[in-house]
Amino acid sequence: MVYAFSDGNPLYEYMVFVLVLLASIAAFTAGPVLRQAGVIIHRIAEFSRQRRALSEHGLTADLRRVDLFRIIVGALATFRYGEMLTIAISGTNVAATALAAGATLVAACVTLGLFTPVSVFVLMSTSNIIFDNYLGASTLGTMVMSICLMTVLLAPGGLTLSIDAVLVNKRAIGKLIRTLRALTGPASEDRILVAKLCGLFAYFCVCLYSVAWHTTDEAWMSGLIISWVMLSPAANPDFFSHMWSFYNFFPWGFVALGKFAIAGMFAWYVLTLPGIFMGRWVRAFTIIWGLLFFLISALVLPLQYLGWYELAFWFLLFAYGRPFGSRSGPELAVLFDDRCNLCDRTVKTLAQMDLFSRLEFRPIRRNIEFANANGVTLEEGLTDLVGVDLTDGSRVSGFDLYYSLTSRMVLLWPMRPILWIARMTGVGPAIYRYIADRRTKLFGVCEFSNIPDRYIRPASLSPHDLAKDTVASPFFAGMVLTLLVLAMAFLVRLPIGTTDPDARPIAGMSKSIFGSSSMAFGINKINVFNAPDLALFRFGSTMYFYPDGVDLTSPSPLDDENDDDLLFNYSDQETYFLTSHMRRMSRMNFGCDREMAKATLPTYATISRTPAGEIPQQDVVLEFRISTWPSAKDLQSYSALEFQTWPLCRYRLNLRDGTVKDFVFVQSGLDEAVRQKGFPPILNAKFAEAATKFPCRYAAAFTYITAGPQPLDERGKKFTDAVLQLPEDAFGRFPSDCFLDTWKIINDRPDLFTGNNITITQENCEIGVEFLRRLQQSVLSDAALTAEIGAGRQRAERAASQTNSTQCLRAAFESWRTYWSAVVRPGYAANQLNTVGAAE
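1. A few points about the overall build of the protein chain
Of regular secondary structure, the protein chain possesses 36 helices and 10 strands. Dimensions of the protein chain along its principal axes, counting C-alpha atoms only, are 120 × 65 × 55 Å. Across the 840 residues in the protein chain, those meeting the buried criterion constitute 54%. A total of about 36,500 Å² of accessible surface is found on the protein chain, and carbon and sulfur atoms cover 60% of it. Each charge class in the protein chain was averaged separately, 75 positive and 75 negative side chains, and the resulting centres sit 7 Å apart.

2. Quick look at the sheet that holds strand β2 (residues 359-363)
The four strands lie next to each other as β2-β1-β3-β4, forming an open sheet whose pairing is mixed. Because the sheet does not close on itself, it has two edges, and the strands there are β2 and β4 (395-397). Strand-to-strand twist across the sheet, computed as the mean angle between neighbouring axes with direction ignored, equals 25°. Strand direction decides the pairing type here: strand β1 (residues 332-336) and β2, joined by five bridges, are parallel. In the sheet register, Phe336 faces β2, and the bridge partner there is Pro363. Sheet contacts for helix α19 (residues 398-408): β1, β2, β3 (386-389) and β4; angle to β4, the most-contacted strand, approximately 110°.

3. Some points on the packing of aromatic side chains
Within the structure shown, the criterion is met by 46 aromatic pairs. When the centroid spacing of 6.3 Å and the interplanar angle of 70° are considered together, the rings of Tyr203 and Trp268 count as edge-to-face. Pair noted here: Tyr203 is in helix α9 (residues 189-214) and Trp268 is in helix α13 (residues 251-271), with a separation of 65 residues, a long-range link. For Tyr203, a relative accessible area of 4% translates into the label buried.

4. Looking at unusual backbone geometry
The peptide bond linking Ala155 to Pro156 adopts the cis configuration, its omega dihedral lying at 0°. Unlike most non-glycine residues, Phe115 shows phi in positive territory, near 50°.

5. Digging into helix α3 (residues 59-89)
The α-helix advances 3.6 residues per turn, and as a result positions three or four apart in sequence lie on the same side. Its 31 residues place the ends of α3 43 Å apart at the C-alpha level, agreeing with the 45 Å of an ideal helix rising 1.5 Å per residue. Buried residues dominate α3, accounting for 23 of its 31 residues.

6. Here we look at the environment of Ser407
Inspection of the secondary structure assignment puts Ser407 in helix α19. For Ser407, a relative accessible area of 32% gives the class partly exposed. Counting along the chain gives 85 residues from Ser407 to Arg322, while the straight-line C-alpha distance between them is 9.9 Å. In this view, Ser407 contacts Pro323, Arg358, Trp413 and Arg416; residues no more than four positions away in its chain are not counted. At 2.8 Å, the side chain of Ser407 forms a polar contact with the backbone oxygen of Ser404.

7. Details of the packing of α3 against helix α15 (residues 306-318)
Look at α3 against α15: their axes get within 10 Å of each other, and the N-to-C directions meet at 175°. Taken together, the axes of α3 and α15 are roughly antiparallel relative to one another. Contacts from Arg65, Val66, Leu68, Phe69, Ile72, Val73, Leu76 and Ala77 in α3 reach Trp308, Tyr309, Ala312, Phe313, Phe315 and Leu316 in α15.

8. Observations regarding a nonpolar patch on the surface
On the surface, a nonpolar cluster with roughly 550 Å² of combined accessible area is contributed by Ile288, Leu291, Leu292, Leu295, Leu299 and Trp308. When residues in the nonpolar patch are grouped by element, the largest group, five residues, is from helix α14 (residues 280-299). Assignment of secondary structure puts Leu299 in helix α14.

9. Looking at the environment of Tyr570
Counting through the fold element by element, Tyr570 comes out in the loop between β6 (567-568) and α26 (572-587). When sequence neighbours within four positions are dropped, the list of residues in contact with Tyr570 reads Glu83, Ile87, Thr575, Leu578 and Ile607.

10. Concerning the sheet that holds strand β10 (residues 659-665)
Strand order in the open sheet made by the four strands is β5-β8-β9-β10, with antiparallel pairing throughout. Two strands in the sheet have a free side with no partner beyond their single neighbour: β5 (539-545) and β10. The mean angle between the axes of side-by-side strands here comes to 20°, regardless of whether they run parallel or antiparallel.

11. Considering the state of the cysteines
Counting across every chain of the model gives three disulfides. A sulfur-sulfur separation of 2.0 Å characterises the disulfide bridge that pairs Cys592 with Cys649. Judged by the sign of its S-S torsion, about -70°, the bond between Cys592 and Cys649 is left-handed. Within this pair, whereas Cys592 is found in the loop between α26 and α27 (594-607), its partner Cys649 is found in strand β9 (residues 645-654), the two being separated by 57 residues in sequence. When sorted by exposure, Cys592 lands in the same class as Cys649, which is buried.

12. Describing helix α21 (residues 427-437)
Regarding α21, the residues found buried are Gly428, Tyr432 and Ala436. Down the axis, α21 shows its buried residues gathered within 55° of arc, on one side only.

13. Considering the pattern of salt bridges
Under the criterion given, the structure shown has 37 salt bridges. Between Glu360 and Arg362 there is a salt bridge; the shortest N-O distance is 2.7 Å. Arg493 is the partner of Asp502 in a salt bridge, and the nearest nitrogen-oxygen pair spans 2.9 Å. Among the charged side chains, a salt-bridge network with shared partners connects Glu770, Arg773, Arg774, Arg793 and Glu797.

Cut-off values and rules
- Residues numbered from 1 in each chain as written.
- Predicted model: local features only at pLDDT ≥ 70, side-chain atom pairs only at ≥ 80, totals over all residues.
- Heavy atoms only, no water.
- Helix = DSSP H or I, 4+ residues; strand = E, 2+ residues; numbered from the N terminus.
- Buried < 20%, exposed > 50% of the residue type's maximum accessible area, 1.4 Å probe, protein only.
- Areas by Shrake-Rupley, 256 points an atom, 1.4 Å probe, with all protein chains shown as cover.
- Lys, Arg positive; Asp, Glu negative; His and termini not counted.
- Charge placed at Lys NZ, Arg CZ, Asp CG, Glu CD.
- Pairing = 2+ DSSP bridges.
- Axes fitted to C-alpha atoms, helices over the stretch in contact; angles between N-to-C directions.
- Contact = heavy atoms within 4.5 Å.
- Phe/Tyr/Trp six-rings, centres within 6.5 Å; stacked < 30°, edge-to-face > 60°.
- Expected span 1.5 Å × (residues − 1).
- Polar contact = N/O pair within 3.5 Å; in protein donor to acceptor, adjacent residues only side chain to side chain.
- Parallel < 35°, antiparallel > 145°, perpendicular 65-115°, else oblique.
- Patch = residues over 30% accessible without salt bridge, like charges linked within 9 Å, V, L, I, M, F, W, Y side chains within 5 Å.
- Salt bridge = Lys/Arg side-chain N within 4 Å of Asp/Glu carboxyl O.
- Disulfide = S-S within 2.5 Å.
- Arc of directions from axis to C-beta.

All we've got here are geometric facts, nothing functional implied.
This is the structure:
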């Protein structure tokens, strides 16, 4: 099995990570070494503070922010692995079900903050190397998830907003939680800051690999890659039509903007870490460009969870302002009726949601002097909740107070648009007034609230969880050292100036020793939105029920008459598997092949359901479409193009019994695929599959034989070179390319292919016979042509057995002419092999 994020053996790579970590922790168990590590950590943190590289809000606020970040990342991971588990349960793969269940359980523990150090460590280190590799669901998003979790682990997370924080003082389970916290070490402002820097360093390593790979890619170096991405219905499914309108309205501006974006991306990649230390303007560029990039990843490009992980990561590193606790102490005092059950419950709920202690709550009867000093009467305080701004003395009450809280409290941000609409329409104030005036009748009264006279959400931190000095813990220092060791092993393999960096001795040594063990931290090589992806960007697919008796080769849509819909349930696992096969197929030949359907049928059967929730019994059609695709020349010449989509090929499948009943190319889509290769629409769709099996080497040899010896002039040399290049192996070159190039050679020099120039030898006769055998194998899907070429092969074989080389080669030539007459569309074969000479 080939693992996407591994250099061979994931279990070996995980063991390498564990051994390096244990060795690193052991190295810091010595007191002097640990104290020196603490000094280094403090200096790094102080340097970051001096440069104002990352945001800080104080220990309590930052720990809560880390835990809010942990909950977001854990929830995304739980949802992702939960999708995989749901789909796996409906299948028969027990191992996949067990893995997905294990990953979901660990992710849920991370979200809830249960045994946080262990659950975060396990999910961080195993999600890429173990879970995703063995589930076949490796994505860049999971890499970033591991980077996020490493930051949480180092911070450390789980001290505030977690089940651990609730259970830590319980007897039995509390002792276990306290032991885990003691092993990972206490929290400090220095530790949180260095944890963030470690996360950003890991992300920076991935960026360095990405930018190094991009420098070997012509699509990036030309500055055109963004233009192609934005124009692709596959890469930009929701907005590509708007991009085409922009491109055709203002081609120069569209291309220029794309080139500017590429220049910005190159700069941002190399500045992701150093940029935050390089002054206000460079830091601002790094933060803002990253934010825009992540918003596009999350909202525009179909990158699954990647953009959301990155946005959450950026929030942890750079979010600044009062909603995140940047101001020390509360800034709004809320006065309330302390003998009202509803008010009491409301205040306690708001206090729990006030993550960064921006509010203080004051029962009005016990704070009458404070209320009067700020212009609030007892009657007002008993009628409404009243907020007093402690910075300027302004007041807000009733529904307006709730609306004000939606901007002050992070957890209430999603409610702000709803309350804004309610405020503008008057519905909100009316509902509030109705309930407030009847609150005691509806909810009763209490004799005395147990809320203190001045209540602020407590820090809920144990003294044992806080560092008393700058001494690092062995676990924290060991984790940082392990990160540095494995990151260096990764960085020596950067593809600087080459697409095969592991051929270098030091890189090869690193690969053999460490492999992809850095994936435990989410650090690994990536190759996205590069030239290999461009082929995929041209294509789209859809599946629908097969209309009985329909012509699959029709250029028109086939599903208009069918009102039933197929439902699809994808997870990252299925998306990765299908995309990998589509990526392969899109880069080969004309972009469709029979092997794709055979390989992906089980997956389509897993994710496809009728509205009743069953695997379809009726046959379905899987259709691949090809879209207008501007060439580099089109973009650089600012040529406007009309966007069109054509059906390229269709498969008739039965998902229940796993059979491919039919596979056809559609002429209009095939014409576009051939055009995008730089050729006129020469190929008959009926024989497109035959062209993908074209026997290139023997065809080149027979072409050379047929044309006869060439003169040594420039024209003859050009022809000979072209023929000799036909069978050359090259990346991205396939039998269909050889077919088209062979047609071009013949079409350019029809004078050579009259049948009168054949070089007659017995050896050439044997080449001709073998060529016909292979040519016959390539057209087996068409019985008539197979029979015709087979008859010619038999004539050639009889002549060969009689050592009649002339008749042998004549029979081979006639069969070759028959082949071209069948596979090439009328109008494009007029000058090819049109005369069979009487060579004697």
